[in-house]
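One-letter residues, chain by chain:
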Amino acid sequence: MGAGDDLCPRYSVVARRLARHGGIVLIRREAAGDAAAIRAVTAAAFGRPGEAGPPAEATLVDELRASGAWLPGLSLVALDAGGDVIGHVVGTRGHVGQAPVLALGPLSVHPDRQRRGVGSALMHAVLGAGDALGEPLVALLGSPGYYRRFGFRLSGEYDIDPPRPRWRPHFQVRVLSAYRPGLRGTFAYPEPFDRT
Ligand SMILES: CC(C)(COP(=O)(O)OP(=O)(O)OC[C@H]1O[C@@H](n2cnc3c(N)ncnc32)[C@H](O)[C@@H]1OP(=O)(O)O)[C@@H](O)C(=O)NCCC(=O)NCCS
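A quick note: this is a predicted structure, and the numbers were derived from the prediction, not measured.

## Some details on the overall build of the chain
Argument step 1. When its secondary structure is counted, the chain shows five helices and nine strands.
Argument step 2. The burial tally for the chain puts 35% of its 196 residues in the buried class.
Argument step 3. The long-range share in the chain, meaning contacts at least 24 apart out of those at least 6 apart in sequence, stands at 66%.

## Details of the pairing of strand β4 (residues 99–109)
Argument step 1. Counting buried positions along β4 yields nine of 11 residues, so the element is predominantly enclosed.
Argument step 2. Counting the residues that bridge the hairpin from strand β3 (residues 85–96) to β4 gives two residues, and of these Gly97 lies at a positive phi of roughly 60°.
Argument step 3. Sheet topology note: the β4/strand β5 (residues 137–141) ladder contains two bridges and is parallel. Counted as the bridge partner of Ala103 is Ala139 from β5.

## Remarks on the pairing of strand β8 (residues 171–175)
Argument step 1. Most of β8 sits out of view: five of its five residues are buried.
Argument step 2. Along β8, one buried face is formed by Phe171, Val173 and Val175 and the opposite face, lined by Gln172 and Arg174, is buried too.
Argument step 3. Pairing analysis gives five bridges linking β5 to β8, with the strands arranged antiparallel. What sits directly across from Leu141, in β8, is Phe171.
Argument step 4. As paired elements, strand β6 (residues 153–154) and β8 share two bridges and run antiparallel to each other. Along β8, the bridge assignment pairs Arg153 with Val173.

## Some words on the confidence of the model for the chain
When pLDDT is low, close inspection of the predicted coordinates is not appropriate.
Argument step 1. Summary statistics for the chain give a mean pLDDT of 92 and a share of 89% for residues scoring 70 or more.
Argument step 2. Across residues 1–5 the pLDDT falls below 50, and counting only partners more than four positions away or on other chains, this stretch makes nine contacts in the model.

## So, unusual backbone geometry
Argument step 1. The omega torsion of the bond from Gly105 to Pro106 falls at 0°, within 30 degrees of zero and hence cis.
Argument step 2. One non-glycine residue, Asp159, adopts positive backbone phi at about 60°.
Argument step 3. Along the chain, Asp159 turns up in the loop between β6 and β7 (160–161).
Argument step 4. Exposure remark for Asp159: the 13 C-beta atoms within 10 Å place this residue in the partly exposed category.

What counts and what doesn't
- Counting of residues starts from 1 at the beginning of each chain's written sequence and follows it residue by residue.
- With pLDDT at 70 or above as the cut-off, local features in this predicted model cover only qualifying residues; side-chain atom pairs require 80 or more to be listed or tallied, and sums for whole chains, interfaces and linings still use all residues.
- A helix here means a DSSP run of H or I that spans at least four residues, while a strand means a run of E at least two residues long, and both kinds are numbered starting from the N terminus.
- Burial in this document is a count-based property: other C-beta atoms within 10 Å of a residue's C-beta are tallied, and the residue is buried at 20 or more, exposed at 12 or fewer, or partly exposed in between, with C-beta positions derived from the backbone.
- Think of it this way: build a C-beta for each residue from its backbone, and any pair within 7 Å is a contact.
- We call two strands paired when DSSP finds no fewer than two bridges between them.
- On a range of 0 to 100, pLDDT expresses the predictor's confidence in each residue.

Shown next as structure tokens:
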């Protein structure tokens, strides 16, 4: 039995994974001076062999940071024991109809540090932070096989439409405490997502 199993069973899988790899991982808000490290981690996570230039996701994080959709409390980094940035996640201002909600992503873990629970730690942290801030829901485009474990469901279950109908099989929503069923309509990402 590992640390955290008795006190907090919901997080025991993440805790066991982190412990198995001997890793200390701390999650905190992005601080001044983190931008270059976040860009590097995002580029490493999304980069494909033979691709020229940085992947679109790395540029997207910088464009979001420069936009009005940036929410400083929801850009989180994962640090290793040496204080190096090994992962990042960001929630920014999206909308369902006129209602403000969160858009999630990019989520990145450095390829050398994947499958050790870092991505899960970042996801739990950003969802908890969004809930504490009174946000009603978080939307993202991604693999349902990965995001289901964090409580995401296909957005259609909540009568929320993706910005592009063909995204329906991968467009997901995680409702938070402030969610009310009247919140339905078409989701809109902040403008920088349209450039990717
Ligand atoms: C997705 C990502 C953030 C996960 O980070 P991580 O630290 O490896 O995540 P965790 O260790 O918490 O969880 C790993 C588990 O997620 C699973 N997983 C990862 N990507 C998955 C996917 N696309 N679909 C289903 N499962 C996935 C792994 O199989 C692993 O499960 P297993 O060890 O039981 O087989 C990381 O793989 C990454 O940065 N990928 C490249 C960028 C990316 O795709 N980001 C998400 C865009 S929506």
